[in-house]
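# Examination of the molecular architecture
Now for the letters of each chain:
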Amino acid sequence: MNETINISPDITDKKKRYELLLPQIQALIEGESDLIANLANVVAALQYNMGFFWTGFYFVKGKELVLGPFQGPVACSRIGFGKGVCGTCWQKEKTIIVADVNQFPGHITCSSYSRSEIVTPVMKNGEVIMVLDVDSEKLSNFDEVDAVNLEKIANLVAGKIV
Ligand code: SME
């Protein structure tokens with residue numbers, strides 16, 4: 001059950017927190033076939049255990065990304081291909097880490113509190129089908145540890161899609 005996902009605040013090492021979180025996310029989505037239910041639980045587990053400001057999925061729908069399950073303040077509903085950090089992730093088909101959103105040309109501001117960001121593609125059969133977007137109120141909050149672990153989560157999610 002998802003109430004087991006409650007990693008002690010005493011564990012301050014980010015890598016360790018992901019290590020504890022990943023098998024729990026895997027277990028959480030293993031027994032559920034509904035995509036929206038799984039995405040909703042994944043973003044809640046990440047947001048509340050990793051202390052992010054905003055965590056959510058955008059679905060590739062035609063020529064746009066459309067907002068999916070998320071945790072955090074209201075966000076923009078649609079993002080074009082190649083636009084913002086999310087659209088750039090979709091276009092480049094790779095994880096994008098932005099240390100300071102104000103330095104990223106074309107960054108789409110959903111909240112002025114968001115200062116750094118990471119976006120990871122969810123790939124299925126060689127195509128981006130969703131992106132996982134995470135924002136932080138802290139500058140330079142994301143690094144390779146986040147990239148590796150969010151990519152693992154993206155793969156777990158992709159594996160549930162038939
Ligand atoms: N900042 C993103 C838009 C989505 S929000 O951060 C939730 C971007 O530039 O694509």
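Refer to the preceding data block for the structure.
Rules of the game
Residues numbered from 1 in each chain as written. Predicted model: local features only at pLDDT ≥ 70, side-chain atom pairs only at ≥ 80, totals over all residues. Heavy atoms only, no water. Near = heavy atom within 4 Å. Areas by Shrake-Rupley, 256 points an atom, 1.4 Å probe, with all protein chains shown as cover. Helix = DSSP H or I, 4+ residues; strand = E, 2+ residues; numbered from the N terminus. Nonpolar A, V, L, I, M, F, W, Y, C, P; charged D, E, K, R; others polar. Salt bridge = Lys/Arg side-chain N within 4 Å of Asp/Glu carboxyl O. Buried < 20%, exposed > 50% of the residue type's maximum accessible area, 1.4 Å probe, protein only. Axes fitted to C-alpha atoms, helices over the stretch in contact; angles between N-to-C directions. Parallel < 35°, antiparallel > 145°, perpendicular 65-115°, else oblique. Contact = heavy atoms within 4.5 Å.

### Digging into the site of the ligand
Near the ligand, the surroundings consist of 13 residues, among which Val85, Cys86, Ile108, Glu117 and Asp135 are the closest. For the ligand, the accessible surface in isolation is 310 Å², of which the surrounding protein chains cover 99%. Mapped by element, the contributors of at least two residues to the shell around the ligand are β1 (54-61), α3 (84-92) and β6 (127-136). In terms of residues, the shell around the ligand owes the most to one element, α3, which gives 3 residues. Residues belonging to the shell around the ligand are distributed by class as follows: 8 nonpolar, 2 polar and 3 charged.

### So, the pattern of salt bridges
Enumeration according to the criterion identifies 4 salt bridges in this entry. Asp146 is the partner of Lys14 in a salt bridge, and the nearest nitrogen-oxygen pair spans 2.5 Å. Taken as a pair, Lys14 in helix α1 (residues 14-30) and Asp146 in helix α4 (residues 144-159) lie far apart in primary sequence, 132 residues in all. Put simply, Glu64 and Arg78 hold a salt bridge, and the shortest N to O gap is 2.9 Å. With Glu64 in strand β2 (residues 64-71) and Arg78 in strand β3 (residues 78-80), this pair connects stretches of sequence that are 14 residues apart. Exposure remark for Glu64: the relative accessible area of 30% places this residue in the partly exposed category.

### Concerning the packing of α1 against α4
Where α1 contacts α4, the two axes come as close as 11 Å, and the packing angle between them is 5°. On the basis of the axis angle, α1 is roughly parallel to α4. Each of Lys14, Lys15, Tyr18, Leu22, Ile25, Gln26 and Ile29 in α1 lies in contact with α4, whose residues at this interface are Val145, Asp146, Asn149, Leu150, Lys152, Ile153, Leu156 and Val157. Classifying every residue of the contact of α1 with α4 by side-chain character gives 9 nonpolar, 2 polar and 4 charged.

### A closer look at unusual backbone geometry
Where the residue is not glycine, phi is negative for most of them; where a peptide bond is considered, it is trans in most cases. You will see that Glu93, though not glycine, has its phi angle at about 55°, which is positive. Inspection of the secondary structure puts Glu93 in the loop between α3 and β4 (96-98). With a phi close to 50°, Ser140 is a non-glycine residue in the positive phi region. Among the secondary structure elements, Ser140 is positioned in the loop between β6 and α4.

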